[in-house]
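# Summary of the model geometry
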Amino acid sequence: MSSEILFLIIFSIVVIGFFFEQIMDFLNASWFNKPIPEELKDVYDFDKYKKQQEYKTENYRFGIISSVFGFIMIVCMLLFDGFAFVDSLAGDLTENYILKTLMFFAIIFLAMDVLTMPFSIYHTFVIEKKYGFNKTTVKTYIFDKIKSLLLMAILGGGLLSLIIWFYELNPEYFWLFAWGLVVAFSLFMNMFYSVLIVPMFNKQTPLEDGELKDAIMKFGEQAGFNISKIFVIDGSKRSTKANAYFSGMGPKKRIVLYDTLIDEMSVDEIVAVLAHEIGHYKHKHIYKSMFASIIETGVTLFIFGLFAGSATLSQALGVETASFHIALIAFGIIYSPLSSLIGIVSAIFSRRAEYQADDFAAKYGLANELISALKKLTSHNMGNLTPHPWVVFTSYSHPPVLQRVRNLMK
Ligand SMILES: [Zn+2]
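What counts, and where the lines are drawn
Residues numbered from 1 in each chain as written. Predicted model: local features only at pLDDT ≥ 70, side-chain atom pairs only at ≥ 80, totals over all residues. Heavy atoms only, no water. Donors = N, O, S within 2.8 Å, 3.2 Å for Na, K, Ca; no water. Helix = DSSP H or I, 4+ residues; strand = E, 2+ residues; numbered from the N terminus. Buried < 20%, exposed > 50% of the residue type's maximum accessible area, 1.4 Å probe, protein only. Salt bridge = Lys/Arg side-chain N within 4 Å of Asp/Glu carboxyl O. Expected span 1.5 Å × (residues − 1).

Each protein donor to the zinc ion is listed here as His276 (NE2), His280 (NE2), Glu354 (OE) and Glu354 (OE); together their distances run 2.1 to 2.8 Å. Of note, the zinc ion draws all its donor residues from one chain, in the sequence arrangement H-x3-H-x73-E. With a gap of 74 residues between them, histidine 280 in helix H10 (residues 267-282) and glutamate 354 in helix H13 (residues 324-363) connect regions that are remote in the sequence. Assigned by exposure class, histidine 280 and glutamate 354 land together as buried.

Now for unusual backbone geometry. For aspartate 81, which is not a glycine, the phi torsion comes out positive at approximately 50°. Within the secondary structure layout, aspartate 81 lies in the loop between helix H2 (46-79) and helix H3 (82-93). For aspartate 81, a relative accessible area of 35% translates into the label partly exposed. A positive phi angle, near 55°, is found at methionine 382, a position not held by glycine. Within the element layout of this structure, methionine 382 appears in the loop between helix H14 (367-380) and helix H15 (389-395). Classification of methionine 382 as buried rests on a relative accessible area of 5%.

By the definition in use, this model includes 11 salt bridges. Ionic pairing is found between arginine 406 and glutamate 39, a salt bridge with its closest N-O pair at 2.8 Å. Remark: glutamate 39 occurs in the loop between helix H1 (3-30) and H2 and arginine 406 occurs in helix H16 (residues 401-409); sequence separation between them is 367 residues. You can call arginine 406 partly exposed: its relative accessible area is 40%. Aspartate 87 serves as the salt-bridge partner of lysine 100, at 3.5 Å between the closest nitrogen and oxygen. With lysine 100 in helix H4 (residues 97-130) and aspartate 87 in helix H3, this pair connects stretches of sequence that are 13 residues apart. With a relative accessible area of 9%, aspartate 87 lands in the buried category.

This part is about H2. For H2, with 34 residues, the first-to-last C-alpha span of 49 Å sits near the 50 Å given by 1.5 Å per residue. Buried within H2 are the following residues: Tyr49, Gln52, Gln53, Tyr55, Lys56, Glu58, Phe62, Ser67, Phe71, Val75 and Leu78. Just downstream of H2, aspartate 81 is the residue with a positive phi angle, here 50°.

Quick look at the structure:
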């Protein structure tokens, strides 16, 4: 295949991907004003629903502007050989191949970050603030930014250096080494994320003794689940939006509750939310999804390994000689339709897992408490009551609240 044809394929994938996303968002927006289903009539009062409708519409418009901007950026990069330009820029800075690749990605990443920063600032400090969600101060925002950039540079840069090093040692089998490295890294992160990364951004404190802790421990006993580590995280530092999650595996497992969730819900409702989380654990969803993502990573790396040395891939983006990082960018775009398909399949499995976790809570007689918790969370986070079914099918990791309530009412 010639590099011109390959370029056309890459360009078409970018254009089609953009329009697909726009169509999905448009379909979703066209359902904003659908009548509220009977089961969800009590989620919002009239005024709050009006406000929520405005919030959705404003986010929709903002989404169009920021994705058009992103689309124009990538189209310009493709049409004007932007990747080749950054490649020669990085080449001027250093002779060392690993350093050059790191420079290349650092320049692209930083440029993207700077260009999209106005959008992120507007979203946090204008839209989220207007609807009462934002609690982030300018200081927290800046420190968050610096800390994530540093983390990205150290972890991302470290992993990438090792992968390129493997590639230089053995281009044929580098994918196998890269796979092993990525798997080891994600297992490590899964175990230690709560103790290494979270403390950089948030405070976690063990849940205080009292009515809530007693109720949770009692449920744990009932369900045959040893809950030794329950933490409260200061989500309120950044946003009023509430959540709860489960993290780690084996002895490292812990339950994390947002302080905003505790303020908002009754003890029974929180126990119901935890019962749902324990349901995920009992059904081994964490292990299953981890296994699936390990396989997916392996397959992706294997396919990339077949093309990493191809000069045609690099030439399609305007670089004459075969280059690992240019091939990686081209491959990333060509592979994106397949990875979207995999995303749809995994969303189907994820929604099924959510029903199983809900059913687990229902089995312990907590269906009504979970329904009221879900309704409170939806109202509190201004969730969409009427998403378009195609959007749900292609991108929702959780079933819409209506389906979950109906399932729990059975
Ligand atoms: Zn869940």
